[in-house]
Structures are given as C-alpha cells and as structure tokens.
Amino acid sequence: MNSNDSHEVSQLNELKIDLDAIAVIAHYKGNSDIIMDEQMPIFGGYAGGIEETAIVNVATHINSMVMSSASWHLDGPVHIRWGSTNTRETLMIAGWTCATISEFTDLLSGNQYYPCAGPCTEMCLLEAAAQSMTDTASGREILSGVASAKGVITDKTTGMEARMMGEVARATAGMDIDTVNQILDKLVASYEGDYANAPAGKTFQECYDVATVTPTEEYVKVYDGAKKKLEDLGLVF
C-alpha cells in the first residue's frame, strides 16, 4: 500500500478501543499514512434506540479524529436483529448523524452498505438505493459499498450493486429533502417486510461472465426492473 491509500483501524462498540488498535495507529502515524477510522454503531445494542444511537454515532465521528487521528471516518449504523445498514431505523440514524456532522464540522464521512438480500435480486438493489439516497441527501462524502448478503457470504458481491449506489447518488444530488423523504418512505416500505426471508441471490460467478467481467442478461433485466421501480417512485435518472 502507498501512504496515500486509506489505512483502516476500527473502534470497538461503543466508543472503545484496544491496545492492538492503538499500536496500529502509531504505526500509521509513523509512516504518515492516510488513516480511515471505522465503526458501526449497533441500533438496539449498547447504545439503545434511534435517538440514542444517533448521538453515539455523532460521538463516534468526533472520536475518530480525537482518538485515532483519522483523516476520515467510515460509518455504518447496523441493525442488531437484521445485520443490515438499510433498515428504516439505521437509515434514520445515518441520515441524522451525517446531516449533523456536515452542518457543524468539516469532517469527512463515509458509510458502509450491508443489504440483507444477495446479488441479482431486486431487493438488494432497492436496499442499496435507499441508503444511497439517504447518504447523498444528508451530505455524505464517501459511499462505501456494496457488501451484499450482509457482507458475510463468499463471492456474493458484484459491481452492479455499486453501480446502483452510484446512479442513485447522482440522481438524488440536489433534490429537495422533503421529496427525498417521501420517496424513501415508500421505497423502504417495499422491502422491509422481507428481512427474515431475504432472497439469497447469486454468487459473482453465477451472475457475471467471469472472463469478460460483465453482468449476465438476467442481472441486467433485474437491474432495469429495480431502476424502473425507483423511477415510478419519483426518482429521475
């Protein structure tokens, strides 16, 4: 790695650190590296509910600079039951937190994407779209995704999910906040009843031509269908 690459160190839940991480930070600082401090506050965990977790999340951003000497902070409020960053509650936490950080500081903030559903499914793309809208409207500088299927299954992430994240971010930029919230309310409602039975989707090898690194015709159709659903909700690409 080069010194201008982001070098990760993670806080522990919530607002804690261990000696190993302190040693890593010292190493990074000694090399004049770019430091990326990562932390995913847990909704329903130590912090509590939506408001309490948002407060902890703001503190986590500040802590990343004070404790880790970070160049930027990688966020990712996660639901304790569903292991996802795309639920209604975690989107509220992420949006309120980033809007606050953007309004009152000059800190750089990123967000991690962990949909419940796997690649090559409409649900996965809509989950990513909801978080992208939230991040963009609240002033997030960096979108870090997408770790489909909660980021825990080998080969279940592809470029198509990141493409949706990026296209939605561009479409959302400059939109009125009230309009964004109206679309988000309907969008999240379209998938939030399916967390327990989220479609597993397909592996990279199953929905991409590995030789050319291009999505299959099936995945392109799924993508276009999800995009059409977003357009029907009011998003203009």
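Residues numbered from 1 in each chain as written. Predicted model: local features only at pLDDT ≥ 70, side-chain atom pairs only at ≥ 80, totals over all residues. Heavy atoms only, no water.

### A word on the packing of aromatic side chains
- Evaluated as defined, the whole model comprises three aromatic pairs.
- On the numbers, 4.8 Å between centres and 25 degrees between planes, the contact of F204 with Y208 is stacked.
- Aromatic rings pair up to connect W82, Y191 and Y195 into one cluster.
- When the ring centre of W82 is taken as reference, the NZ or CZ atom of R81 above it lies at 4.0 Å.
- The cationic tip of R163 hangs over the ring face of Y223; the distance from NZ or CZ to the ring centre is 4.7 Å. (Phe/Tyr/Trp six-rings, centres within 6.5 Å; stacked < 30°, edge-to-face > 60°. Lys NZ or Arg CZ within 6 Å of the ring centre and 35° of its normal.)

### Topic: unusual backbone geometry
- Going from N13 to E14, the amide bond is cis rather than trans, its omega being -25 degrees.
- Tracing the backbone shows E14 in the loop between β1 (6-10) and α1 (19-30).
- Between G145 and the following residue, V146, the backbone shows a cis peptide bond with an omega angle of 20 degrees.
- With respect to the helices and strands, V146 occurs in the loop between β7 (142-144) and α5 (159-172).
- You will see that S32, though not glycine, has its phi angle at about 55 degrees, which is positive. (Helix = DSSP H or I, 4+ residues; strand = E, 2+ residues; numbered from the N terminus.)

### What about helix α6 (residues 177-189)?
- Look at α6: 18 Å from first C-alpha to last across 13 residues, which is about the 18 Å you get at 1.5 Å a residue.
- Those residues of α6 lying buried are V180, I183, L184, L187 and V188. Mapping the buried residues of α6 onto a view down its axis gives an arc of 125 degrees, with all of them on the same face. Every exposed residue of α6 that faces more than 90 degrees away from the buried side is listed here: D178, Q182 and K186.
- Structurally, α6 contributes buried residues whose contacts are with α3 (88-104), α4 (122-138), α5 and α8 (217-233).
- For α6, the capping residue at the N-terminal end is D176, with a side-chain oxygen 3.0 Å from the backbone nitrogen of D178. (Expected span 1.5 Å × (residues − 1). Buried < 20%, exposed > 50% of the residue type's maximum accessible area, 1.4 Å probe, protein only. Arc of directions from axis to C-beta. Contact = heavy atoms within 4.5 Å. Polar contact = N/O pair within 3.5 Å; in protein donor to acceptor, adjacent residues only side chain to side chain.)

### Section: the environment of I153
- You can see I153 is positioned in the loop between β7 and α5.
- Remark: the alpha-carbon pair of I153 and T203, spanning 50 residues in sequence, is separated by 8.9 Å.

### Description of the domain arrangement of the protein chain
- Domain parsing of the protein chain yields domain 1 (1-112) and domain 2 (116-236).
- Domain 1 and domain 2 are separated by 23 Å when their C-alpha centres are compared.
- Contact residues are listed per partner, giving 23 residues for domain 1 and 21 residues for domain 2.
- Counting each side, the surface lost to burial between domain 1 and domain 2 is near 1,800 Å², with a carbon and sulfur contribution of 50%.
- Viewed at the interface, domain 2 and domain 1 are joined by three salt bridges.
- As a salt-bridge pair, D75 and R140 come within 3.1 Å of each other at their nearest N and O atoms.
- The interface formed by domain 1 and domain 2 contains 20 residue pairs in polar contact (both at pLDDT 80 or more).
- Put simply, the parts of the chain that give the side of domain 1 that touches domain 2 at least two residues each are β4 (72-75), α3 and β6 (109-112).
- Among the elements that make up the side of domain 1 that touches domain 2, the one with the highest residue count is α3 (seven residues).
- Partitioning the side of domain 1 that touches domain 2 into residue classes produces nine nonpolar, 12 polar and two charged. (Domains from an automatic or database assignment. Buried area = accessible area lost by both parts, 1.4 Å probe. Salt bridge = Lys/Arg side-chain N within 4 Å of Asp/Glu carboxyl O. Nonpolar A, V, L, I, M, F, W, Y, C, P; charged D, E, K, R; others polar.)

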